[in-house]
Amino acid sequence: MAEKYDIIAATGCPTGIAHTFMAKEALEKAAAERGLTIKVETHGQVGIENALTPAEIAAARAVVVAADKDVNAERFAGKPMVSVGVSRAISQEAAGKLIDDALAAKADPNAVAAVAQEAPSAEKESFGHQLYKHLMNGVSHMLVFVVAGGVLTAVSFLWGITSFDSTASDYNTFAAMLKTIGGIAMNLMVPVLSAYIAESIGKRPALVPGFVAGMIAIQGLPVSAETGLIDAGGSGVGFGFLGGIVGGFLSGYVILLLEKVFAKLPANLNGLKAIFLYPLFSTLIVGLVMLGISGPMVTINNGMMDFLRGLQHAGAIPLGIAIGCMCAVDMGGPVNKAAYVTGTMLLGAGLEAGVGTSEYADGTAFMAAVSAACIVPPLVTSFAVIAGKKYFSQEDHDAGIVNIILGCTHITEGAIPFMTKNIWPVMPIMMVSSAIASVLTLLLGVHVPAPHGGFLVLPVVDGGLQWVLAILVGTVVGGILFTAFKKHEWTREQAAAAPSVAPAPAAAPAVASEASKAEPAEVEQAAKDKADQADAAGDFVKASNVFCDQKVDGRDAALKFISDNAVAAGIADDADTLLAAFLKREAEGTTGMVDGFAIPHAKTDAVKQASVMVLKAPEGVPGWDTMDEAPVTCAIALLVPEAEAGTSHLQILSKVAMALTDDDFRAACKDATDPAAVASLINERLV
C-alpha cells in the first residue's frame, strides 16, 4: 500500500544543482515544523529523484510546485496547488507560507482567489513566469553541453593553442580529438536550447521542430555565392543563441496550435498524429518561418554582439561593474543567468573564430570576468564564517565551510542562504565583491577559454595567477564587510538583551519557590532527591528544572531567570548568549500561545544538551504577547544545541505544541504546583 503524505511537492531550478535541493530542504523543514508529512520530488541535473507515484499524488492533501523548469505539473490537475519559481521556496519561512497557502486553498475553495490576489504567481502562474520557466528549461538542458564542450576544448589547449591544427608545429593527435569532441558538444548548444524550450511548451511532439529550428539558427539561410539565390548547397550566416530562443518558443506554440487544429480527428488516428502529422507540419511551418526571419535575425544578432563588444571596449571598469553586479544580484537567478549565458555565447563565438582573433580575445576576457564574479560570493561567506566565527550560528558556519568547495568550482548558489537571511546589506556586499573581482580580471588581461569549472580549469587560463589574485581581493573585501555587518548585528542583539532584565535572585537556590514554607536546606535536599529520581528514570524534563510559584517583572526577566538557572544546572555554559538566543527568537515573533502558555526556545552553541525548563508564574508575566492576549503563567522553554537544531529542536517543539492543543494537559499543567508533577506531565508527552 502506498504511503500517504499531507503535502507533495516538486522542485527544479535551471541548473539543477543548488536551488532545487535548497527548496526541497526548506519545504521539508517547514512541513516538519507544522507537524505535516511531505514528499518532495526533485528535478536536478541528474534527473528526477524521489519521484512521486500516482497513488501518492491522489492521496495528498495539497501540492506545492517550486520550479523554473517543466516538472510535468499537469499530473496534479484537480489538486489544491500553488506554483511559484524555485527562488520563492529556498527559505523555511517562505516555504511554510507556500504550504499554508496550499492547505488554505484545500480547506476553502474561495481562498484560492484570495491567494491569487495576494501573490499572483502562486495559485496561477503569470504568463511572464511561464515564459521564464520555458526558457530556463532550455537553458538547464543546454548548460551541460556548454560545460562539457567548453572544458574539453579548453583542455585541448594544454598542448598548444593551435595543437588541433595538423599543419601547426604544436600539433597533437589527442588534442585534436579533444577539440573535435568539444566543438561538437558546443555546436549542439543552440539546437538543444531551442528543442527543450519547445518541449517545455508543447511536450515531446515539440522536440522535432525545436531541434530543426535550432539547427537553422546556427546555419542560417543557405545562399549560392554565384547566383545569390537560396541554394541548399550554399552557405548561410547563422543567428545563433537569440535565434535558438525564438525558434524554441515558435516550435512549442506551433505544436499547441496544431493540437487544436487536429483535435477533431477520430481517436483512432492519435498514433498517426504523434508520429506523422505533428512532426511533418510543425517542421514545415517552423522551418519556413525560421528561414524567412533569418535576415532580420542576423541583423539583430550582429547589433547585439556589436553592443556587447562596444561595452567591452568602453573600459574594464564599467564592464566589470556591470558583470559583477549582474552575477551577484540574484545568485544563479535570471539576471545571473543572463550574464553567464552572454559569456558563453561570446566564448562560443570566440572558440569558433579561433585563437588569435578579436572574437576569441573578447569572448575569453568576458568569460574570465563572469567566472570570477560567480566564484566570489560563496567564498565571501567562507571567509566571514572563519574570520568571525563567533558571530555566526553553527549551521551558518558549516554552510560557509562547504562554500569553499562550491565557490572554487563556480557554483554561486551556495551564498543564497546567507543572502536570504539579510537581503540588506548582504546583497550589496556580494555585488561589490563580485564587481571588484570582475574589474581586476579585466584590468589584468585574464582570458578564460572554459565556460565553467572554477579553479579546475586554471591550467588553461591565460593569466591564471592574476585571475586568482583578483578573486582573492574581491573575496577578502567582501568577507571583511560581511564580518563587520555580522559583528554589528551580534553586538546589537547583545545590547538588546541587557535592558529591563532583572537579575536572578542571588540568594535563592535554583529550585527554590517563593511560596515554599520549608527551610532552605529542606527545599534543596528535596529538589536534589527529585532530580536524582528523574535521572534514574531517564526522564527528559527534570524536576530540578521546573520552577513553580515565581514572580518576574516581565518577559525578558523570565527568560533571564531561565538562562541563569540553565547555567547553574549545567545545561548551558553562557547565560548571556543563551538569553540573546531567546530574545532573537522572540524578535521573529512571540512564542506566547493561548490560555497562559508560552514555549520560548533557543538554539545556540551555549547549550550543551537539549533540555526543557519550566517557569510557572501564577500572577502572570507582564509584557509577553500571546495569541489570545491572556497573560503568560506557564513558560515551557526549549534549549537546544545549534548542531541539533534540525533534529531535537523540531521534535521537541512539535510535541510540546501538540500537547498544548490538549485541554486536559493544559488544565493539569496549570493546576500542578509540585515540580515533579509538572515534569511528569511533560515527560509523558515527549515519549
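These numbers were taken from a predicted model, which means no experiment stands behind them.

Engineer: Any chance you could explain the overall build of the chain here in plain terms?
Structural biologist: Helix and strand counts for the chain come out as 25 helices and ten strands. Long-range pairs, those at least 24 residues apart, make up 70% of the contacts in the chain between residues at least 6 apart in sequence. A total accessible area of about 29,800 Å² is found for the chain, and carbon and sulfur atoms account for 62% of it.

Engineer: Is there a simple way to explain the packing of helix H13 (residues 316–329) against helix H18 (residues 423–443) in this structure?
Structural biologist: Axis angle and axis distance: for two packed helices, these are the angle between their axes and the distance between the axes, and together they describe the pair. At a closest axis distance of 7 Å, the pairing of H13 and H18 adopts a crossing angle of 140°. Taken together, the axes of H13 and H18 lie oblique to each other. Pair H13 / H18 crosses with right-handed handedness. Residue-level contacts link Ala-316, Ile-317, Leu-319, Gly-320, Ile-321, Ile-323, Gly-324, Cys-325, Ala-328 and Val-329 of H13 to Met-427, Met-430, Met-431, Ser-434, Ala-435, Ser-438, Val-439, Leu-442 and Leu-443 of H18.

Engineer: I keep staring at a nonpolar patch on the surface and nothing clicks. Help me out?
Structural biologist: On the surface, Leu-272, Ile-275, Phe-276, Leu-280, Phe-281, Leu-284, Ile-285, Leu-288 and Val-289 cluster together into a nonpolar patch covering about 810 Å² of accessible area. Along the chain, Leu-272 falls in helix H11 (residues 270–292). Residue classification places Leu-272 among the partly exposed residues on the basis of a relative accessible area of 38%.

Engineer: Please clarify how the nonpolar core should be interpreted in this entry.
Structural biologist: Here is a general trend for soluble globular proteins: nonpolar side chains tend to be buried in one another's company. One finds Ile-7, Leu-27, Val-64, Ile-99, Trp-467 and Phe-482 to be the most contacted residues of the largest nonpolar core, which totals 56 residues. At eight residues, the largest contribution of residues to this core is made by helix H15 (residues 358–387). When residues no more than four places from it in sequence are discounted, the contact partners of Leu-27 are Ala-9, Thr-11, Ile-38, Val-40, Val-64, Ala-95 and Ile-99. With 52 residues, the next largest nonpolar core counts Val-139, Met-297, Tyr-360 and Cys-374 among its residues.

Engineer: How should I be thinking about the packing of aromatic side chains in this particular structure?
Structural biologist: The description of an aromatic ring pair rests on the distance of the ring centres and on the angle between the ring planes. Evaluation of the coordinates by the stated rule reveals nine aromatic pairs. A centroid spacing of 5.5 Å and a plane angle of 80° characterise the contact between Phe-392 and Phe-482, whose relative ring orientation is edge-to-face. Taken together, the residues Phe-392 in the loop between H15 and helix H16 (394–408) and Phe-482 in helix H19 (residues 464–497) connect sequence positions 90 residues apart. Linked through ring pairs, Phe-262, Tyr-278 and Phe-281 together constitute an aromatic cluster. Residue placement shows Lys-179 over the ring face of Phe-164; its charged tip is 4.7 Å from the ring centre.

Engineer: Just checking my understanding: could you explain the pairing of strand E1 (residues 7–12) for this structure?
Structural biologist: For a regular strand, side chains alternate in direction, first toward one face of the sheet and then toward the other. Within E1, six of the six residues are buried, leaving the element largely enclosed by the surrounding structure. Of the two faces of E1, the one holding Ile-7, Ala-9 and Thr-11 and the one holding Ile-8, Ala-10 and Gly-12 are both buried throughout. Two elements, E1 and strand E2 (residues 38–44), share five bridges in a ladder whose sense is parallel. Counterpart to Ala-10 in the pairing with E2 is Glu-41. Relative to strand E4 (residues 62–67), E1 runs parallel, the two sharing six bridges. Bridge pairing links Ile-7 to Ala-62 in E4.

Engineer: Teacher, can you tell me more about the sheet that holds strand E3 (residues 47–49) here?
Structural biologist: What holds strands together in a sheet is hydrogen bonding between their backbones, with the strands either parallel or antiparallel. One open sheet accounts for five strands, arranged E3-E2-E1-E4-E5; its pairing is mixed. Here the strands that pair on one side only, and so sit at the sheet edges, are E3 and strand E5 (81–84). Each adjacent strand pair in this sheet contributes to an overall mean axis angle of 10°, direction not counted. Two elements, E4 and E5, share four bridges in a ladder whose sense is parallel.

Engineer: Help me out: how do you make sense of the packing of helix H24 (residues 663–671) against helix H25 (residues 675–686) in this one?
Structural biologist: Remark: H24 packs on H25, axes separated minimally by 9 Å, with the N-to-C direction vectors making an angle of 155°. What the angle tells us is that H24 and H25 run roughly antiparallel. As for the relative orientation of H24 and H25, their crossing is left-handed in sense. Contacts between H24 and H25 pair Phe-665, Ala-668 and Cys-669 from the former with Val-678, Leu-681, Ile-682 and Arg-685 from the latter.

Engineer: Could you clarify how one ought to interpret the environment of Ile-230 in this entry?
Structural biologist: Looking at the secondary structure, you find Ile-230 in the loop between helix H9 (207–219) and helix H10 (240–261). The exposed category is assigned to Ile-230, whose relative accessible area is 65%. Once residues lying within four places of it in the same chain are set aside, the contact partners of Ile-230 are Leu-221, Pro-222 and Val-223.

Engineer: Help me understand the environment of Ile-480 in this model?
Structural biologist: Within the secondary structure, Ile-480 sits in helix H19. For the pair formed by Ile-480 and Ala-384, sequence separation is 96 residues and the distance between their alpha carbons is 6.8 Å.

Engineer: I'm lost on the pattern of salt bridges in this one. Help?
Structural biologist: Here the idea is simple: oppositely charged side chains can pair when their charged atoms come close. Tallied over the full model, the rule gives 17 salt bridges. Among the salt bridges present, the one from Glu-25 reaches Lys-29, with a minimum N-O distance of 3.2 Å. Here Glu-25 and its partner Lys-29 are both found in helix H1 (residues 19–33), four residues apart, which amounts to about one turn of the helix. Looking at Glu-25, the relative accessible area reads 43%, which means it is partly exposed. On the basis of relative accessible area, Lys-29 is assigned to the partly exposed category, the value being 24%. Between Glu-74 and Lys-203 there is a salt bridge; the shortest N-O distance is 3.9 Å. Here Glu-74 is found in the loop between E4 and E5, whereas its partner Lys-203 is found in the loop between helix H8 (189–202) and H9, with 129 residues between them in sequence.

Engineer: What am I meant to see in H9 here?
Structural biologist: An α-helical turn contains 3.6 residues, so any two residues separated by three or four positions project in the same direction. Relative to the 18 Å expected for 13 residues at 1.5 Å per residue, H9 spans 18 Å between its end C-alpha atoms, a close match to the ideal helical length. Along H9, the residues that are buried comprise Leu-207, Pro-209, Gly-210, Ala-213, Gly-214, Ile-216 and Ala-217. Against the buried residues of H9 lie H8, H10 and H11. Following H9 by one or two positions, Gly-220 adopts a phi angle in the positive range, close to 75°.

Cut-off values and rules
- Residues numbered from 1 in each chain as written.
- Predicted model: local features only at pLDDT ≥ 70, side-chain atom pairs only at ≥ 80, totals over all residues.
- Heavy atoms only, no water.
- Helix = DSSP H or I, 4+ residues; strand = E, 2+ residues; numbered from the N terminus.
- Contact = heavy atoms within 4.5 Å.
- Areas by Shrake-Rupley, 256 points an atom, 1.4 Å probe, with all protein chains shown as cover.
- Axes fitted to C-alpha atoms, helices over the stretch in contact; angles between N-to-C directions.
- Parallel < 35°, antiparallel > 145°, perpendicular 65-115°, else oblique.
- Left-handed = near helix turned anticlockwise from the far one by under 90°.
- Patch = residues over 30% accessible without salt bridge, like charges linked within 9 Å, V, L, I, M, F, W, Y side chains within 5 Å.
- Salt bridge = Lys/Arg side-chain N within 4 Å of Asp/Glu carboxyl O.
- Buried < 20%, exposed > 50% of the residue type's maximum accessible area, 1.4 Å probe, protein only.
- Core = buried A, V, L, I, M, F, W, Y, C linked by side-chain atoms within 4.5 Å.
- Phe/Tyr/Trp six-rings, centres within 6.5 Å; stacked < 30°, edge-to-face > 60°.
- Lys NZ or Arg CZ within 6 Å of the ring centre and 35° of its normal.
- Pairing = 2+ DSSP bridges.
- Expected span 1.5 Å × (residues − 1).

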